[in-house]
Every structure is written in C-alpha cells, then in structure tokens.
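As a plain string of letters, each chain reads:
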Amino acid sequence: MNIINIEHIAKIYQVGSEEVHALRDVSLRIDKGEYVAIMGPSGSGKSTLMNIIGCLDTPTKGLYDFKGVNVSEMSDNELAAIRNREIGFVFQTFNLLPRSDALHNVELPLIYAGVPAHVRKERARLALEQVGLADRIHHKPNELSGGQRQRVAIARALVTDPAIILADEPTGNLDTKTGEDIMALFNEIYEQGNTIILVTHEEYIAEHAERIIRIRDGLIEKDEKVLNRYVPQ
Ligand code: ADP
Ligand code: ADP
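Note that this is a predicted model, so its numbers are computed, not measured.

Peer 1: Got a minute to help me understand the pairing of strand β2 (residues 18-31) in this structure?
Peer 2: On a regular strand, each side chain points to the face opposite its neighbour's, so the side chains alternate between the two faces of the sheet. Sheet topology places strand β1 (residues 2-15) next to β2; 10 bridges connect them, and they run antiparallel. Its bridge partner being in β2, Q14 is matched across the sheet by E19. Linking β1 back to β2 in an antiparallel pair, the connection comprises 2 residues, with G16 at a positive phi of about 60°.

Right under this line is the structure:
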C-alpha cells in the first residue's frame with residue numbers, strides 16, 4: 001500500500017526578485033514498510049523534499065497524497081494535525097527539551113495528541129524501553145551521552161505509532177561506533193514493519209536502507225534498490 005504518492009511536485013522560493021527552483025519535477029511513491037534513503041549534494045533539494053514529505057511545507061506545484069489524502073493544499077493547522085499523528089521526526093541535533101527528563105521528552109507528542117496522563121506515561125515508558133533506555137527515564141539530556149539522547153529522540157518519534165519515521169542525518173553528530181548503534185536500532189524498527197525515510201550525506205549510512213533516491217539540482221537522478229543492503233548485527 002502506498003503511504004506517500006508524490007506526482008510532479010515543484011518548490012519555488014522567491015528570494016527578492018529571484019526565483020529559486022529548489023525542486024523542479026519530482027515524482028515518487030513510498031510503500032508501507034519501506035526503508036528509503038534520500039541522498040544528494042548540499043543545495044540539491046533534500047531538505048525541501050523532507051519538509052514537504054514531513055508536512056512542514058507544501059509544494060508550489062504538483063500533488064502530494066499522504067495515506068490517500070491530498071495534503072498539497074492543506075492549511076498550516078491541518079498539516080500540523082497530520083504531522084502530530086502520522087510523522088515521527090528524528091534530527092541530527094536531537095532537539096530535546098533540555099530541562100525535561102527522558103520520559104517527559106517522549107511524552108510530549110502524546111500531550112499534543114490529547115492522550116490522558118496515565119496512558120501517556122506508560123506509552124512513553126514502553127517506547128524508552130524499546131530503545132534500550134528503561135534505566136534512564138528520569139535522566140535529563142545533559143545527563144545522557146549523544147547516542148542515548150538520539151535514542152530518546154527515536155523513542156519520541158515512535159511513541160505515537162506514526163505512519164512514517166523521517167530521520168534527517170540522524171548520525172551526523174555521533175562518532176562512528178555510536179552512529180552504527182543508532183543504525184542498528186533503525187534496522188530493528190524497520191524489521192518491526194515501520195516505514196523509514198532517512199536523509200544522509202554518507203553512502204555507507206544510506207546502504208542500511210533498501211532503496212536509495214538520489215537528488216541533484218531539484219530532480220531525482222536515480223531511484224534504485226540497494227542490492228546488498230548493510231544489515232547491522
Ligand atoms: P543541508 O540540508 O545541506 O545540511 P541546509 O538545508 O541547512 O543544509 O541548507 C542548504 C542550502 O540551502 C544552503 O546553501 C542554505 O544557505 C540554503 N538555505 C536553507 N534555508 C534557507 C533559507 N531559509 N533561505 C535561503 N536559503 C536557505
Ligand atoms: P539540501 O537540503 O539538499 O542542501 P535544500 O532543499 O536546503 O537543499 O535547498 C535547495 C535549494 O533551495 C538551494 O538552492 C537553497 O539555497 C534553496 N532554499 C532552500 N530553502 C530555502 C528557503 N526557505 N528560501 C529560499 N531558498 C531556499
């Protein structure tokens with residue numbers, strides 16, 4: 001089943017009197033359960049495409065269907081509702097609340113979704129357990145290592161049981177070993193049937209996915225299956 005169906009989208013930014021064509025003509029479909037990496041040089045349009053896929057922005061032209069619903073012309077409030085329910089974000093810089101403990105950081109999306117407190121706490125606790133942080137739930141970000149902070153962020157992304165997980169350079173701030181541990185966690189999440197979309201500059205990180213979409217100058221240059229995907233042990 002298609003979760004994402006993008007047909008001929010373009011994104012044009014107006015910068016003063018100039019038009020910047022960040023995406024020119026992009027079409028792609030992503031099915032439930034896929035693990036896709038998006039690669040491309042700086043300025044190629046990756047962030048713009050991620051923002052559109054993640055319902056943070058809408059295309060200037062073209063169609064974006066998310067779970068069969070046309071989101072390309074939704075208002076900011078409608079987009080926010082889709083984001084909160086359906087999309088789990090993981091960022092390079094973790095984006096955790098510094099004064100809140102791991103449990104509260106993971107609870108946040110459920111607070112926005114109006115889930116009652118006792119249910120929230122239990123679900124947040126389970127998500128933290130799933131990422132291997134059962135014994136760190138009352139630690140604050142500055143009491144955790146980089147890898148542990150990213151695990152909290154992944155638990156926060158998983159806790160709403162979203163339709164897709166969007167990860168933007170999730171290993172960018174981590175050393176190689178810690179990055180590999182995080183990629184092993186993404187692999188487990190993928191094997192549990194989740195849909196993952198990963199943006200990365202690193203070829204060896206992209207090869208954890210089963211499909212790589214390469215973008216250049218606002219166009220898809222290649223969209224291929226990974227023949228020997230790297231499966232962490
Ligand atoms: P990357 O995704 O490659 O890590 P960014 O998406 O932050 O980096 O930026 C990529 C390019 O887009 C940069 O050249 C940056 O100057 C430009 N850019 C990003 N955001 C804006 C903006 N709001 N206005 C103008 N240019 C921007
Ligand atoms: P990438 O993530 O691959 O680095 P981006 O999507 O950030 O690429 O940028 C694609 C192009 O769009 C670049 O030329 C960038 O400068 C431009 N751009 C990105 N965001 C904005 C923005 N908000 N306003 C104006 N130009 C932007």
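Here the narrative resumes.
Peer 1: What should I look at first to understand the nonpolar core in this one?
Peer 2: Soluble globular proteins tend to bury their nonpolar side chains together. By size, the foremost hydrophobic cluster in this structure holds 41 residues, and its most contacted members are Y35, V106, L128, V131, V152, I154 and F186. Put simply, the parts of the chain that give this core at least two residues each are β3 (35-39), α3 (102-112), α4 (117-130), α5 (146-158), β7 (164-168), α6 (176-191), β8 (196-199) and α7 (203-206). Beyond its immediate chain neighbours, meaning those up to four positions away, V152 contacts L96, A102, N105, V106, L128, L133 and L144. The next biggest cluster of nonpolar side chains, apart from the first, holds 30 residues, and it includes I30, M50, V71 and I197.

Peer 1: It is not clear to me how the sheet that holds strand β10 (residues 219-225) should be interpreted in this structure. Could you clarify?
Peer 2: What the 6 strands build is an open sheet, ordered β6-β7-β8-β3-β9-β10; its pairing is mixed. Both outer strands of the open sheet, β6 (87-91) and β10, are each paired with one neighbouring strand and no more. Strand after strand, the sheet turns through a mean of 15° between neighbouring axes, direction not considered. Bridge analysis of β3 against strand β9 (residues 211-216) gives 4 bridges, and the strand direction is parallel. Counted as the bridge partner of I38 is I213 from β9. Seen against the sheet, α6 touches β3, β6, β7 and β8 and runs at an angle of roughly 155° to β8.

Peer 1: Quick question: what am I supposed to make of the site of ligand 2 here?
Peer 2: Around ligand 2 sit Y13, V15, V20, A22, P41, S42, G43, S44, G45, K46, S47 and T48, and that is every residue in its neighbourhood. For ligand 2, an oxygen atom lies 2.9 Å from a polar atom in the side chain of K46. Contacts to ligand 2 include S47, whose side-chain N or O atom sits 2.6 Å from an oxygen atom. Alone, ligand 2 offers 560 Å² of accessible surface; in the complex the protein occludes 61% of this. Mapped onto the shell around ligand 2, the elements with two or more residues apiece are β1, β2 and α1 (46-53). Top contributing element to the shell around ligand 2 by residue count: α1, with 3 residues. Tallied by class, residues from the shell around ligand 2 come to 5 nonpolar, 6 polar and 1 charged.

Peer 1: Please clarify how the pattern of salt bridges should be interpreted in this entry.
Peer 2: Pairing between side chains of opposite charge can happen when their charged atoms approach one another. Under the definition given, this model contains 12 salt bridges. With its nearest N and O atoms 3.1 Å apart, the salt bridge here joins R136 to D135. Here R211 makes a salt bridge to D223, at a shortest N to O gap of 2.8 Å. Residue R211 is located in strand β9, and its partner D223 is located in strand β10; the two are separated by 12 residues in the primary sequence. D223 gets classed as partly exposed once you look at its relative accessible area, which sits at 35%. Each member of the salt-bridge network shares a partner with another, and the members are E34, R211 and D223.

Procedures and definitions
Residues numbered from 1 in each chain as written. Chains lettered and ligands numbered in written order. Predicted model: local features only at pLDDT ≥ 70, side-chain atom pairs only at ≥ 80, totals over all residues. Heavy atoms only, no water. Pairing = 2+ DSSP bridges. Helix = DSSP H or I, 4+ residues; strand = E, 2+ residues; numbered from the N terminus. Core = buried A, V, L, I, M, F, W, Y, C linked by side-chain atoms within 4.5 Å. Buried < 20%, exposed > 50% of the residue type's maximum accessible area, 1.4 Å probe, protein only. Contact = heavy atoms within 4.5 Å. Axes fitted to C-alpha atoms, helices over the stretch in contact; angles between N-to-C directions. Near = heavy atom within 4 Å. Polar contact = N/O pair within 3.5 Å; in protein donor to acceptor, adjacent residues only side chain to side chain. Areas by Shrake-Rupley, 256 points an atom, 1.4 Å probe, with all protein chains shown as cover. Nonpolar A, V, L, I, M, F, W, Y, C, P; charged D, E, K, R; others polar. Salt bridge = Lys/Arg side-chain N within 4 Å of Asp/Glu carboxyl O.

Note that all results are geometric; they support no functional claim without further evidence.
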